[in-house]
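Coordinate analysis (summary)
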Amino acid sequence: MHIPIARWLRPAIGPLAALLAISAAAPAFAQGTYSLAPPVVGSGSVADADPPVIRPTTQPCKVQLFSGFQFNNYNTQTFSYAPPKDCAGPWAKVVFVADFSVDGTNQFDRTAEIQLGDTMIYFGTTQEPSPTEQPRWHVESDLTDYTALFKTDQPGTVELGNTVNSTYNGTQTGSAYLEFYPADWRNPAPRTADLVLPLPQTAGAQSLNTTADSISETFTLPQNVEQAYLDVFTQGQSNDEFWWSCIPNDALALLGASVNCGNTAFRQAEVSVDGKLAGLAPIYPYIFTGGVDPDLWRPIPGVQTLNFKPYRVDLTPFAAQFSNGQTHTVSVNVYNADNYFQADATLLLFQDHGSKKVSGALTFNNLGATPVPTENENLGTYAKTGNGSIVVTDAQSYQVAGYVNTSHGKVATTVDSSLRFSNSQVYTATSEVVKQVTLAGQKSTTQDGWLSFSKAEQLTFPLTYTFSETINPDNSGSETIAVDQKLTDNVQYAFFDYVFASSTMTDEVKPVDMLVFDASGNLTSEPIDTSTETYTYRDTEGHCWDRTVSAKDALVSAVSDGKGCPRGENQWQ
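Every residue gets a number counted from 1 within its own chain, in the order that chain's sequence is written. In view of the model being predicted, local features appear only for residues whose pLDDT reaches at least 70, and side-chain atom pairs are presented and counted only at 80 or more, with totals across whole chains, interfaces and linings using the full set of residues. Excluded from the side-chain calculation are hydrogens and water; included are all heavy atoms of the structure.

Moving on, we come to the pattern of salt bridges. Every case where a carboxyl oxygen of Asp or Glu lies within 4 Å of a side-chain nitrogen of Lys or Arg is listed as a salt bridge. Applying the stated criterion across every chain yields a total of twelve salt bridges. With its nearest N and O atoms 3.1 Å apart, the salt bridge here joins Glu179 to Arg55. Placement of the pair is Glu179 in strand β8 (residues 172–182) and Arg55 in the loop between α2 (15–24) and β1 (61–71), with a sequence separation of 124 residues. Each member of the pair Glu179 and Arg55 is classed as buried. With a shortest N-O distance of 3.3 Å, Arg538 and Asp546 are connected by a salt bridge. A run of H or I in DSSP counts as a helix once it spans at least four residues, and a run of E counts as a strand once it spans at least two, with each numbered from the N terminus. Burial classification: accessible surface area is computed with a 1.4 Å probe over protein chains only, and a residue below 20% of its type maximum counts as buried, one above 50% as exposed, and the rest as partly exposed.

A few words on the sheet that holds β8. Should DSSP find at least two bridges between two strands, the strands are regarded as paired. Reading across from one edge, β1-β8-β3-β6 is the order of the four strands in this open sheet, with antiparallel pairing throughout. Every interior strand has two partners, whereas the edge strands, β1 and β6 (136–142), have only one. Sheet twist, expressed as the mean angle between neighbouring strand axes with direction ignored, is 15°. With seven bridges connecting them, strand β3 (residues 91–102) and β6 associate as antiparallel partners. With axes taken as lines fitted to C-alpha atoms, and helix axes fitted only over the stretch in contact, angles between N-to-C directions fall between 0 and 180 degrees.

Generally speaking, a soluble globular protein has its nonpolar side chains buried in company with each other. Ranked by internal contacts, the top residues of the largest apolar core, which has 92 residues, are Leu230, Val232, Leu255, Leu315, Phe322, Val332 and Leu349. When sequence neighbours within four positions are dropped, the list of residues in contact with Leu255 reads Ile247, Leu379, Tyr382, Ile390 and Tyr427. Take the buried Ala, Val, Leu, Ile, Met, Phe, Trp, Tyr and Cys residues and link them wherever side-chain atoms come within 4.5 Å; each set so joined is a nonpolar core. Counting residues in each nonpolar core, the second largest holds 38 residues, with Ile114, Leu149, Phe150 and Val158 among its members. We call two residues in contact when some of their heavy atoms are within 4.5 Å.

Moving on to the pairing of strand β16 (residues 327–335). A large share of β16 lies buried, amounting to seven of its nine residues. By the bridge criterion, six bridges tie strand β11 (residues 215–220) to β16 in an arrangement that is antiparallel. Counted as the bridge partner of Phe219 is His328 from β16. Direction of pairing for strand β13 (residues 268–273) relative to β16: antiparallel, over a ladder of six bridges. Paired with Glu270 across the two strands is Asn333, which belongs to β16.

Turning to the side chain of Ser531, a few remarks are in order. Mapped onto the elements of the fold, Ser531 is located in strand β26 (residues 528–539). Using a relative accessible area of 4% as the deciding quantity, one classes Ser531 as buried. Setting aside residues no more than four positions away along its own chain, Ser531 makes contact with Leu296, Ile300, Val509, Lys510, Pro511, Val549, Ser550 and Ala551.

Among the secondary structure elements, Asn224 is positioned in the loop between β11 and β12 (225–236). Each C-alpha atom, one on Asn224 and one on Ser359, is 8.2 Å from the other, the two residues being 135 residues apart in sequence. Excluding residues within four positions of it along the chain, Asn224 makes contact with Ser323, Phe350, Gln351, Asp352, Ser355, Lys356, Lys357 and Val358. Within the local environment of Asn224, its side chain forms a polar contact with the side chain of Gln351, the two groups lying 2.9 Å apart. The definition of a polar contact used here is a pair of N or O atoms within 3.5 Å, where within protein one atom must be able to donate a hydrogen and the other to accept one, and adjacent residues in sequence count solely through side-chain atom pairs. Among the polar contacts listed, one links the side chain of Asn224 to the backbone oxygen of Ser355, at a separation of 3.0 Å.

Another aspect to go through is the state of the cysteines. For the purposes of this analysis, a disulfide is any pair of cysteine sulfur atoms at a distance within 2.5 Å. Considering all chains together, one arrives at three disulfides under this definition. The side chain of Cys61 participates in a disulfide bridge whose partner is Cys87; the two sulfur atoms lie 1.8 Å from each other. An S-S torsion of about 70° defines the bridge between Cys61 and Cys87 as right-handed. With a gap of 26 residues between them, Cys61 in strand β1 and Cys87 in the loop between β2 (77–81) and β3 connect regions that are remote in the sequence. With respect to class, Cys61 is no different from Cys87; both count as buried. The side chain of Cys544 participates in a disulfide bridge whose partner is Cys565; the two sulfur atoms lie 2.1 Å from each other. Between Cys544 and Cys565, the S-S torsion sits near -85°, and that sign places the bridge as left-handed. Of the two residues, Cys544 is situated in strand β27 (residues 544–552) and Cys565 in the segment after β28 (555–561); the sequence distance between them amounts to 21 residues. Take Cys544 and Cys565: they sit in the same class, and that class is buried.

Reading across the sheet, the four strands line up as β11-β16-β13-β14 and stay open at both edges, with antiparallel pairing between neighbours. Of all strands in the sheet, those with a lone pairing partner are β11 and β14 (276–281), marking the two edges. Here the average twist between neighbouring strands, direction ignored, is 20°. Sheet topology places β13 next to β14; five bridges connect them, and they run antiparallel.

Method remark: on a 1 Å grid restricted to protein atoms, a set of points is classed as a cavity if a 1.4 Å probe fits but cannot get out and as a pocket if it is open with protein on both sides within 12 Å along at least five of seven lines; lining residues have an atom within 4 Å of a point. Grid points are joined across faces, edges and corners, and a volume is the space filled by probe spheres set on the points. The calculated volume of the second largest pocket comes to roughly 380 Å³. Polarity classes work like this: nonpolar for Ala, Val, Leu, Ile, Met, Phe, Trp, Tyr, Cys and Pro, charged for Asp, Glu, Lys and Arg, and polar for all others, with Gly in that last group. The class makeup of the residues in the lining of the second largest pocket is eight nonpolar, five polar and seven charged.

The next point concerns empty space enclosed by the protein. Tallied over the entire structure, the rule returns seven cavities of 30 Å³ or more. By volume, the largest cavity is sized at about 150 Å³. Contributing to the lining of the largest cavity are 16 residues, with Pro282, Tyr284, Tyr286, Lys309 and Tyr311 lying nearest its centre. In terms of residue count, the dominant contributor to the lining of the largest cavity is β12 (three residues). Among the residues making up the lining of the largest cavity, the classes are represented as 13 nonpolar, two polar and one charged.

A few words on the packing of aromatic side chains. Each pair of aromatic rings is reported with the distance of its centres and the angle of its planes. Each Phe, Tyr or Trp ring (for Trp, its six-membered ring) is paired with any other whose centre lies within 6.5 Å, and the angle between the two planes then decides the class: stacked below 30 degrees, edge-to-face above 60, tilted in between. By the definition in use, this model includes 27 aromatic pairs. A centroid spacing of 4.7 Å and a plane angle of 20° characterise the contact between Phe66 and Phe69, whose relative ring orientation is stacked. Here Phe66 falls in the buried class, since its relative accessible area comes to 3%. Plain terms: the ring middles of Trp244 and Tyr465 are 5.5 Å apart, the flat faces sit at 55° to each other, and that makes the pair tilted. Note that Trp244 is positioned in the loop between β12 and α3 (252–255) and Tyr465 in strand β23 (residues 451–471), a separation of 221 residues in sequence. Both residues of the pair, Trp244 and Tyr465, count as buried. Against the face of Tyr177 rests Lys62, its NZ or CZ located 4.1 Å from the ring centre. Distance and angle both matter: a charge sits over a ring if NZ of Lys or CZ of Arg is within 6 Å of the ring centre and within 35 degrees of the ring normal. In this structure, Lys410 is placed above the aromatic ring of Tyr403, and the distance from its NZ or CZ to the ring centre is 4.5 Å.

Purely geometric stuff here, so don't read any function into it on its own.
Right, dumping it as structure tokens:
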């Protein structure tokens, strides 16, 4: 999720020029630095439909972070970073690239974190191996927003805890590097944050076991903050790994045999500034490659499972408060956490380069203290019949506004946000169906003198999980597990009411696994599994991506490219 481009350029070149620059500077790829090649039909290694990061046309410099690190214990590994000497900047883009693999035949999915200094630059999980496949996978991210982080020498750390023994025999191996693309007239350098501040200022994501737990940091900030954003990562672990299937606490006694987590299936991340709620962040229902049923995720992993993306909360209305010369505390907690969530955040600050001090105020904030989700339980006959249902919903809308008096005039920002949540769990004697959807909207409007810019983003997180079984009179039968996991992201940039740039993205993964067993409970055949992932992207700059990857019995069975794009080809240059 990106900061509005107009804002990034505003203090440097003026709003109208920024608008024209956005329209003129369509990014393109540098040949030879990326791959558009689809997964290979017949392969059993990791396969997904995701596009690579869009690259500029300039020749990049590569800085290796680490190479061939092996992870077979829980020790932190370290590396040293220095900025590229041959690409001193400014940079049109900075791209993070990593390649991982796992050997052996049996290993859990593991969480991986890479920090530069104490700032998270990669957060994700690993693919599980199988007796027939030792997978390899590739991830990359656009880290241009974090440019200030890469300007100085500093240490780095890699956390990928992994148990290796005679049973769990898979050793993880990884390498990572950064690509720095010099700016030129075709590929101008965007304005990026002046300060990149980790939250907390200790390496690695922190565990949040309850609503009351938080990650927190108290900062002494410069007195000329003009814009502020917080990138938030949240990942469910342990009881909260399948938080989307959790139930109300009063139903645990009845359903506890199959469900080990309470506090309902409602979760959200809450951002506070100086002890008061300042914003909300939705939590994506990640499913790891060992989650629910490992066969579901071979060879296609779930949405963003191997490479989490943070949610960006606009804290610009607090810019004047941040600039008042006092210390300020920013914190993040997970509402309804039930042991536990891993959380990490990064504060991005933009300064007014024309003055050492700005004034202003936070003028409005109607974000309530706590959500009030609605619970509807229908479990009256569950003990006798196995039938029942639980529905949890929540809806919140809020506005935060503030202004700063800068060297180039008064700039007022209004952030209108909403979070809608619904989770339905339906049980029968032979099935369970969970249907969840989260809708998160954030519109930031900037009044800069007489000019008005806005960015509106709408995210949707639908998830459907289905378990069903058939038992024949002789006790033979079958079990079927299906997941439909999706993410949509629609963004619009507007100048007054004129939408001058927009994009729309959809990523959907749909695996199904069926087990057939005899009267003694023995499998009568190998699991019958199928899966598809479809990733589509369109924007007003002419980029178009449409790829569907299909798999059967843990092997890629088909790939469709370019459907719906001009000339039937992906337009990614």
